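# Survey of secondary and tertiary structure
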Amino acid sequence: MTDSQWSETRGDAALRKADALARREASESRQAAVLIAQFAADATAAGITAEVLTARSYDGGSRYRTNVTGWYLKHDRSVGVDAAGEFYVLTAPPRFMSRFTGTTVEPSPPPLELGKGGRDGESMPIATALAKRLAGGNAW
């Protein structure tokens, strides 16, 4: 096998692997979206009060009001869900004016595992996080 055939084969394998990973992540995101939509409906029906969510600056130094009203899924307030069933990672670039004007966050594809790849003990299946949040009600 020549060098060009070898690199083409390795390149094709890498593309196939990346494509398979993207398909798996999209499938997991669709599954998580169904769980989140059900949570939003259940939380609303249970009368759990939604609140304006805040986002932490990337450097961790500040919290800013966001354009999202919903519920936090983790006690550290790093992720949340709105009443429409959209998932948000609540981080934003550090900007002085955001302290006064707030910041805009966009929905993200939801994972099936919150905190995956993070420190030990910080990951949790999204179904578990949603159930804990729903069970906590307004006292969460």
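Quick look at the structure, then. (Residues numbered from 1 in each chain as written. Predicted model: local features only at pLDDT ≥ 70, side-chain atom pairs only at ≥ 80, totals over all residues. Heavy atoms only, no water.)

### A short note on a nonpolar patch on the surface
- Taken together, the side chains of Phe96, Met97 and Phe100 make up a nonpolar region of the molecular surface, amounting to roughly 370 Å² of accessible area.
- The residue Phe100 is located in helix H2 (residues 98–101) in this model. (Patch = residues over 30% accessible without salt bridge, like charges linked within 9 Å, V, L, I, M, F, W, Y side chains within 5 Å. Areas by Shrake-Rupley, 256 points an atom, 1.4 Å probe, with all protein chains shown as cover. Salt bridge = Lys/Arg side-chain N within 4 Å of Asp/Glu carboxyl O. Helix = DSSP H or I, 4+ residues; strand = E, 2+ residues; numbered from the N terminus.)

### Comments concerning the environment of Pro94
- You can see Pro94 is positioned in the loop between strand E5 (91–92) and H2.
- Residue classification places Pro94 among the partly exposed residues on the basis of a relative accessible area of 41%.
- Counting along the chain gives 34 residues from Pro94 to Thr128, while the straight-line C-alpha distance between them is 31 Å.
- With near-sequence residues (within four places) excluded, Pro94 lies in contact with Ser57, Tyr58, Asp59 and Tyr64. (Buried < 20%, exposed > 50% of the residue type's maximum accessible area, 1.4 Å probe, protein only. Contact = heavy atoms within 4.5 Å.)

### With respect to the environment of Leu134
- By the secondary structure assignment, Leu134 is in helix H3 (residues 126–136).
- Overall, the relative accessible area of 27% leaves Leu134 in the partly exposed class.
- Once the C-alpha coordinates of Leu134 and Ala40 are considered, the two residues, 94 residues apart in sequence, prove to be 9.3 Å apart.
- Ignoring anything within four residues of it in the chain, the contact list for Leu134 reads Phe39, Asp42, Ala43 and Ile48.

### Regarding the side chain of Lys74
- One can find Lys74 in the loop between strand E2 (63–72) and strand E3 (79–82).
- Although Lys74 lies buried, it forms no salt bridge, and the closest oppositely charged side chain, Asp76, sits 4.1 Å away as judged by the N-O distance.
- Once you skip the residues sitting within four places of it in the chain, Lys74 turns out to touch Val79, Leu114, Glu122 and Trp140. (Lys, Arg positive; Asp, Glu negative; His and termini not counted.)

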